[in-house]
Amino acid sequence: MENREKLKKVVEDVFLLQPGEFRFDLRRDEVETWDSFGVVSLAVGIQETFGYHFSPAEASGISSVADIITLLSAKGIKFDN
Amino acid sequence: MTMLLETEVQRDIQLLRRAWENKSTFAFLTEKTGVGHEWIEKSLSLLPDEMKNGHFVLLTSGTTGAPKLVIGQRQRSEKLAATLHQLQEGEPVEETILALPLSYSYAFVNQWLWSHCHQRRLRLTSGLSDPTALRQALQQARNAMICLVGVQVPLLASYFQGQSFPGIIRVHFAGGRFPQENLPLVRALFPKATIFNNYGCAEALPRLTLRKAEEADQAADVGRPLPGVELSVNEATELLFRSPYRAVGVVEDAKFSLIPSEAWVKSGDLAQPTEQGTWRLLGRASEVFKRHGEKISLATLMTTVTGAWTGQAVFYREPDSSGEDGCVLVLAPAPAPGQLQEILLSLRQHHGRAHWPLRIECSAALPLLPNGKPDVHGAAVMKDKTRLWYQRI
């Protein structure tokens, strides 16, 4: 599975998104389940899927799916279209 | 009757002061009530005339997990704020930092009302939803008090690893299990603070007992009753109380109930007195438990699940990785992916994250009791289960 697909699955699973709700430009403020505990779940999901553990500052600073891609890309995880 | 919403008050805290000082009774509610506006309005209309002035109304969930309006008399709550000020050595405290929803009776009385009555500053934050702002408030704190729920401790320790906030001199816990095992983390974060375990319930509005952290070594020890509060247990060890600070009435199931002045009220917990004069909790009086400070009813959750799933289902209780109470849902037989998604979406639609099960598992069939009901213990220990989804907490 491509990394973009893997990321989509993690985000859908952590925030219980509806079919079609996920977008790569989805923002935290658009998803009411993206709360403080959701941030923790997301960090665990990212670690399980991509092997990278967000620092608390990184995790709390994420405000969109695009931010996740930017952070993981900087760690060498590729998200080619 | 004035209805104040939490977001309005976050924008202008003076709204709450004006409502408190105004003669007319007001309701203070979070936006995400889980019940419609119509339910609130209809429930408020049931208040008797004598409660339409000088009172306030908060929304909570009762021992059944069903929504309930709790009616408090302002003078009684002001007396409680004064009592807490004395017992919790509040005089040196110059300000209080809000890290919980203000419409929780705990934060409302221990923080807003206390700050109002004692002319102390209330610093609003969004709690762990915005850890950066919370950290800034904690760093700037000067002789401050904060109210927390136990489940916040591991998160605070994770977000603020290696940092300490000596400006916090009082830390209060309530609304769930006291974080006895995590006290070293609390002391590392707040090295100058006196730490208190507060216990109560919605009808107590909200305090019944108090203890300093070091006065017991078990989370279940909730300390001694506040002055004026009487505690007792019935034959079923259900904890009962009488209190001069408690709510004066409730609206539940479209019915107003007056709490008579001499009535013994159930707290919703099982308990026993200790030889030292303190009280020890033995568990919830029903299948309702608290998670992240919110009461969860397994019956209500099951209603949600069965609305989206026609197979067998059972919940069993399990603590999460931080020791907080949680539950696991077992389905049988294995649902198709679309059916699982329906259940998950239904959970999202009807419940906040605190209510979601820690995991959803499935099996070919559930173990049954002789009476044909699912065997909860058997479902917890059976080996041939598959994990379908989990919260990663």
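In this text the structure is predicted, and so the values were computed from the model without any measurement.

Q: Please explain the interface of chain B and chain A as it appears in this structure.
A: Think of interface size as the accessible area that goes away when the parts come together; that is how it is often given. Contacts between the two partners involve 17 residues from chain B and, on the opposite side, 15 residues from chain A. Elements with a minimum of two residues in the side of chain B that touches chain A: helix 6 (131-140), helix 7 (152-159) and helix 10 (337-350) of chain B. In terms of residue count, helix 10 of chain B provides more of the side of chain B that touches chain A than any other element does, 4 residues in total. A breakdown of the residues in the side of chain B that touches chain A according to their chemical character gives 9 nonpolar, 5 polar and 3 charged.

Q: Could you clarify how one ought to interpret the packing of helix 1 (residues 3-15) of chain A against helix 2 (residues 36-50) of chain A in this entry?
A: Two packed helices can be described by the angle between their axes and the distance between those axes. Residue and element names in this part refer to chain A. The contact between helix 1 and helix 2 brings their axes to 10 Å, and the two run at 150°. Of the possible angle classes, the one that applies to helix 1 and helix 2 is roughly antiparallel. Pair helix 1 / helix 2 crosses with right-handed handedness. Together, Lys6, Val10, Asp13, Val14 and Phe15 of helix 1 and Gly38, Ser41, Leu42, Gly45, Ile46 and Thr49 of helix 2 make up the contact between the two elements. The residue inventory of the contact of helix 1 with helix 2, partitioned by class, reads 5 nonpolar, 4 polar and 2 charged.

Q: What am I meant to see in helix 10 of chain B here?
A: In an α-helix, one turn spans 3.6 residues; hence positions three or four apart end up facing the same way. Residue and element names in this part refer to chain B. Between its terminal C-alpha atoms helix 10 stretches 20 Å, which fits the 20 Å expected from 14 residues at 1.5 Å a residue. Turning to helix 10, its buried residues number three or more, namely Ile343, Leu344 and Leu347. Projected onto a plane normal to the axis of helix 10, the buried residues spread over an arc of 95° and lie on a single side. When the buried face of helix 10 is taken as reference, the exposed residues oriented beyond 90 degrees from it are Gly338 and Gln349.

Q: Hey, could you run me through unusual backbone geometry in this one?
A: Apart from glycine, the bulk of residues carry a negative phi angle, and the bulk of peptide bonds sit in the trans form. Note that the residue after Leu205(B), namely Pro206(B), is joined by a cis bond; omega there is -25°. Here Pro206(B) is to be found in the loop between strand 9 (194-200) and strand 10 (207-212). For the peptide bond that leads from Ala332(B) to Pro333(B), omega is -10°, which places it in the cis range. Tracing the chain through its elements places Pro333(B) in the loop between strand 21 (325-332) and helix 10. A positive phi angle is found at Leu16(A), which is not glycine, with a value near 50°.

Q: Sorry, what's going on with the sheet that holds strand 23 (residues 386-390) of chain B here?
A: The strands making up a sheet are joined through hydrogen bonds of the backbone, oriented either antiparallel or parallel. Residue and element names in this part refer to chain B. The sheet built from 4 strands is open, its strands ordered 20-21-22-23 with mixed pairing. Two strands bound the open sheet, and with one partner strand each, they are strand 20 (312-319) and strand 23. Going from strand to strand, the sheet's axes swing by 25° on average, the running direction of each strand aside. In this structure, strand 22 (residues 359-362) lies alongside strand 23, joined through 4 bridges in antiparallel fashion. Bridge pairing in strand 23 places Glu361 opposite Arg387.

Q: Please explain the nonpolar core as it appears in this structure.
A: As a rule of thumb, nonpolar side chains are buried together in soluble globular proteins. All names here are of chain B. Within the largest apolar cluster, 78 residues are counted, with the highest numbers of intra-cluster contacts made by Val70, Ala107, Phe108, Ile146 and Ile168. Looking at this core, the element that brings in the most residues is helix 5 (residues 105-117), giving 7 residues. When near neighbours in sequence (up to four residues on either side) are disregarded, Ala107 contacts Leu98, Leu100, Pro101, Leu102, Trp112 and Cys147.

Q: In this structure, what is going on with the pairing of strand 8 (residues 168-173) of chain B? I would like to understand it.
A: Working note: regular strand, side chains alternate between the two faces of the sheet. Residue and element names in this part refer to chain B. The buried fraction of strand 8 amounts to 6 of the 6 residues, a majority that puts the element mostly inside the structure. With 5 bridges connecting them, strand 7 (residues 144-148) and strand 8 associate as parallel partners. Paired with Met145 across the bridge in strand 8 is Arg170. Here 4 bridges tie strand 8 to strand 9, and the two strands are oriented parallel to one another. For Phe173, the partnering residue across the bridge sits in strand 9 and is Asn197. As a crossover connection, the stretch from strand 8 through helix 8 (residues 183-189) into strand 9 is right-handed.

Here is what the cut-offs are and how they apply
Counting restarts for each chain, with residues numbered from 1 along the sequence as it is written. By the order in which they are written, chains take letters starting at A while ligands take numbers starting at 1. Only residues with pLDDT of at least 70 are given local features in this predicted model, and only at 80 or more are side-chain atom pairs given and counted; all residues enter the totals for whole chains, interfaces and linings. Here the contact rule is simple: place C-beta atoms from the backbone, and any two residues whose C-beta atoms are within 7 Å are in contact. Comment: elements are numbered from the N terminus, with helices defined as DSSP H or I runs of at least four residues and strands as E runs of at least two. Put simply, Ala, Val, Leu, Ile, Met, Phe, Trp, Tyr, Cys and Pro go in the nonpolar bin, Asp, Glu, Lys and Arg in the charged bin, and everything else, Gly too, in the polar bin. As a rule, the C-alpha atoms of each element are fitted with a line to give its axis, helices using only the stretch in contact, and angles between N-to-C directions run from 0 to 180 degrees. Here roughly perpendicular refers to angles of 65 to 115 degrees, roughly parallel to angles under 35, roughly antiparallel to angles over 145, and oblique to all remaining angles. By convention the crossing between two helices is left-handed if the near helix lies anticlockwise of the far one by an angle smaller than a right angle, and right-handed if it lies clockwise. To estimate how far a helix should reach, multiply one less than its number of residues by 1.5 Å. Each residue is classed by its C-beta neighbour count within 10 Å, where at least 20 other C-beta atoms makes it buried, 12 or fewer makes it exposed, and intermediate counts make it partly exposed; the C-beta atoms are placed from backbone geometry. Here, the arc refers to the directions that run from the helix axis to the C-beta atoms. Two strands pair under a simple rule: DSSP has to find at least two bridges between them. By convention the nonpolar core is taken to be a set of buried residues drawn from Ala, Val, Leu, Ile, Met, Phe, Trp, Tyr and Cys and joined through C-beta atoms within 7 Å. Handedness is read with the strands pointing away from the viewer; a crossover is right-handed when the path from the first strand over the helix to the second is clockwise.

Remember that the coordinates give geometry; whether it matters functionally is a separate question.
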